[in-house]
Amino acid sequence: MFKLEPLAAGKVKLVGRLDAAEAEQASSAFAGLDGPIDADCSALEYISSAGISVLMVTYKRLHQKGHVFRLSAVQPRVRNVFIYSGLAPLLGIE
Amino acid sequence: MLVRRFPRAVASLPALVAFVREFFTAQGLDSERVFDVDLVIEELFTNMVRHARGGGDAIELALDHDAGLLTVRLRDEDVDPWDPSSAPPPDFDKPTHQRRAGGLGIFLVHKLSRDVRFEHADRTTTVTARLEVAR
């Protein structure tokens, strides 16, 4: 299961597993985001290439409008996947 | 070795995840390592679902463990020859928005595995990946 929870203005929380089975529903949820976004990933347990692709589509869409899309509090295993993918710097992952 | 067949559909992923948990518990493996195993299986399985031509209703997944080395084996029967390792890896020199989609999954499989082997014989594709999962 994956959920995109709105927190405050410009803040969302990613919860659960962002895999290929959840990617379609997640895409619709992310498509509703606008403006600069800080995404809290402290409860994101898992991500695969399908999930990364959802986040990159979101990054590109917001970036083209001049908005920042960054991920915060990323768990170590999830962080590794972003580092291996070469996408960590784009998404503000240190 | 634990072997099970799963419907050829991305919707099988939660069942694959449950199967891996069952194996980890039975073998007393460190659950810290389950992330990489899930990722390798998801990428290989979804590649088969999406790209293999032909194929029956189900794909077989076998898990085995010996001395800290976990073997993942996926078998897809009655399919045309197919080798996802022939897909070019992501081109990290290109700006992200110019990179082609796809290829990333298999790249991650190689990154997380000690070794990966693709074979095709008698219309069956077998992919075997070995990962280190020390107890």
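Below: a short report on this structure. (Residues numbered from 1 in each chain as written. Chains lettered and ligands numbered in written order. Predicted model: local features only at pLDDT ≥ 70, side-chain atom pairs only at ≥ 80, totals over all residues. Heavy atoms only, no water.)

Remarks on the overall build of chain B
Consideration 1: Summing up its helical and strand segments, chain B has three helices and five strands in all.
Consideration 2: Walking chain B from its N terminus toward its C terminus, one meets helices and strands in the order β-α-α-β-β-α-β-β.
Consideration 3: Residue burial in chain B is summarised as follows: out of 135 residues, 49% are buried.
Consideration 4: Summed over its atoms, the accessible surface of chain B is roughly 6,700 Å², and 47% of this surface lies on carbon and sulfur atoms. (Helix = DSSP H or I, 4+ residues; strand = E, 2+ residues; numbered from the N terminus. Buried < 20%, exposed > 50% of the residue type's maximum accessible area, 1.4 Å probe, protein only. Areas by Shrake-Rupley, 256 points an atom, 1.4 Å probe, with all protein chains shown as cover.)

With respect to the pairing of strand β3 (residues 37-47) of chain A
Residue and element names in this part refer to chain A.
Consideration 1: With eight of its eleven residues buried, β3 lies for the most part within the structure.
Consideration 2: Sheet analysis places strand β2 (residues 11-18) next to β3, joined by seven bridges and oriented parallel. Opposite Lys 13, over in β3, you have Asp 40 as the bridge partner.
Consideration 3: A crossover connection joins β2 to the parallel β3 through helix α1 (residues 23-31); in handedness this β-α-β unit is right-handed.
Consideration 4: Looking at chain direction, β3 and strand β4 (residues 69-72) are connected through four bridges and run parallel. Counterpart to Asp 38 in the pairing with β4 is Arg 70.
Consideration 5: Tracing the backbone out of β3, into helix α2 (residues 49-64) and back to the parallel element β4 gives a crossover that is right-handed. (Pairing = 2+ DSSP bridges. Right-handed = clockwise from strand over helix to strand, strands pointing away.)

Taken by themselves, the reported measurements are silent on function.
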